[in-house]
Amino acid sequence: MVAYTVAVAGGTGGIGCTIVEELVRQGKHKVLILGREATTLPSLSLPVIKANYNDPDALKQLLEAHKVEIVISAIIIYSEGSSKAQLNLIQAASESSTVKKFIPSEYGVKYTPEILAFHPAAQWWLDAAAALRNTRMQFTRIVFGWVLDHYGMPHVKSNMKPVKYALDFDSHQAAIPGDGETPITLLHSVDLAKYIAAMLEQENWPEVSAFVGDRMSWGEMVRVAERVTGEKWNVKYDSIEMLEKGEATLFEQPEGGYTEYPEARQLISEFGLMAVNGIMDVSGEGTRNEEFPWIKPIKVEDLIETAWGKKSPE
Ligand SMILES: NC(=O)c1ccc[n+]([C@@H]2O[C@H](COP(=O)([O-])OP(=O)(O)OC[C@H]3O[C@@H](n4cnc5c(N)ncnc54)[C@H](OP(=O)(O)O)[C@@H]3O)[C@@H](O)[C@H]2O)c1
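Thresholds applied
- Residues numbered from 1 in each chain as written.
- Predicted model: local features only at pLDDT ≥ 70, side-chain atom pairs only at ≥ 80, totals over all residues.
- Heavy atoms only, no water.
- Domains from an automatic or database assignment.
- Buried area = accessible area lost by both parts, 1.4 Å probe.
- Salt bridge = Lys/Arg side-chain N within 4 Å of Asp/Glu carboxyl O.
- Polar contact = N/O pair within 3.5 Å; in protein donor to acceptor, adjacent residues only side chain to side chain.
- Nonpolar A, V, L, I, M, F, W, Y, C, P; charged D, E, K, R; others polar.
- Helix = DSSP H or I, 4+ residues; strand = E, 2+ residues; numbered from the N terminus.
- Contact = heavy atoms within 4.5 Å.
- Buried < 20%, exposed > 50% of the residue type's maximum accessible area, 1.4 Å probe, protein only.
- Arc of directions from axis to C-beta.

Along its sequence, the protein is carved into domain 1 (5-139) and domain 2 (146-186 + 214-281 + 292-308). Carbon and sulfur atoms make up 70% of the surface buried where domain 1 meets domain 2, a total of about 1200 Å² over both sides. In terms of surface lost to domain 2, no three residues of domain 1 exceed Tyr-78, Val-109 and Phe-118, which account for 42% of the buried area on that side. Across the domain 1-domain 2 interface, the total number found is 1 salt bridge. On inspection of domain 1 and its partner domain 2, the count reaches 3 residue pairs in polar contact (both at pLDDT 80 or more). When its residues are assigned to classes, the side of domain 1 that touches domain 2 shows 10 nonpolar, 3 polar and 1 charged.

Next up on the list: the side chain of Gln-202. Structurally, the position occupied by Gln-202 is in the loop between helix H5 (189-199) and strand S13 (208-210). Residue contacts for Gln-202: discarding those within four places in its chain leaves Lys-101, Arg-288, Glu-291 and Phe-292.

Attention now moves to helix H9 (residues 300-308). Residues Val-300, Leu-303, Ile-304, Ala-307 and Trp-308 constitute the buried set of H9. Along H9, the residues classed as buried sweep out an arc of 95° about the axis, all on the same side. Looking at the packing, one finds that the buried side of H9 touches strand S12 (183-187), strand S14 (214-217) and helix H6 (218-229).

This is the structure we're talking about:
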């Protein structure tokens, strides 16, 4: 086993903190957390090292000073500013004498130029991939579809910010894009972290790493939710025309959720278009699960049963 020095940028966030926790739990690598402020990661009482993402030279010096070999970015990409922060981190890592590998903050669908037609924000992910292709570093874009955590929270532990999308377990309502029968793929953040930890052991990475926890349509998920909760749900279908006009049904969002997105209805309309166009199903890319057979990702039904079934925690 080779031990690396791994820096997790955005390691204070939902995905980032989960990656840090898993790497620390496994105890194989030295883990550093980078953030915009010098603070402490509450769950592990670990220091967060202040990184000035506006200054690639300072970032390069920081990475070299700590002999960082692998950078995992989990910075939330939601604006030109946050995209630029990650691009500066890519530049710094590439110019450093120590960093050999880089995982950009993707953790969603595989963004391609075709998606730009209805989801212009995809440009930020495409820019990061293009920048990485121009470096000497190995990198891999991790895709899995939709984060599964949201359908178990708050009963199943997660560091993710809460989001109500497609299914609302509190009111037993669903707002499904299209006819709801196109499959999507999902993965729990803890399983994502396990796959990332396992990949650190590999010498070579492909450009795209697709992992799938489960694959089912939103309609099937509603049927599972109805069975587990023992109630008929109130289900609405957002037509493709509604999604194209940016008029997806938006649930009232829980406290502590994402505040970065003023255009939430537009954004979830774009996610809806990804679902109906089959883009939220990453299994067509060929998944890498079978390379790590000891990781058994939690299935949708098991998560919903644990969180909302009769024996669920109070
Ligand atoms: N597929 C899905 O369903 C799904 C769901 C959620 C997220 N994601 C993806 O996962 C990634 C991480 O999301 P998340 O929910 O974990 O994010 P998050 O918790 O909202 O934020 C992650 C971290 O980003 C850092 N950050 C915020 N603004 C920044 C800026 N302008 N410059 C530099 N750093 C900044 C913050 O760290 P500091 O304050 O410590 O600097 C924050 O803790 C994103 O790429 C997101 O698109 C995918």
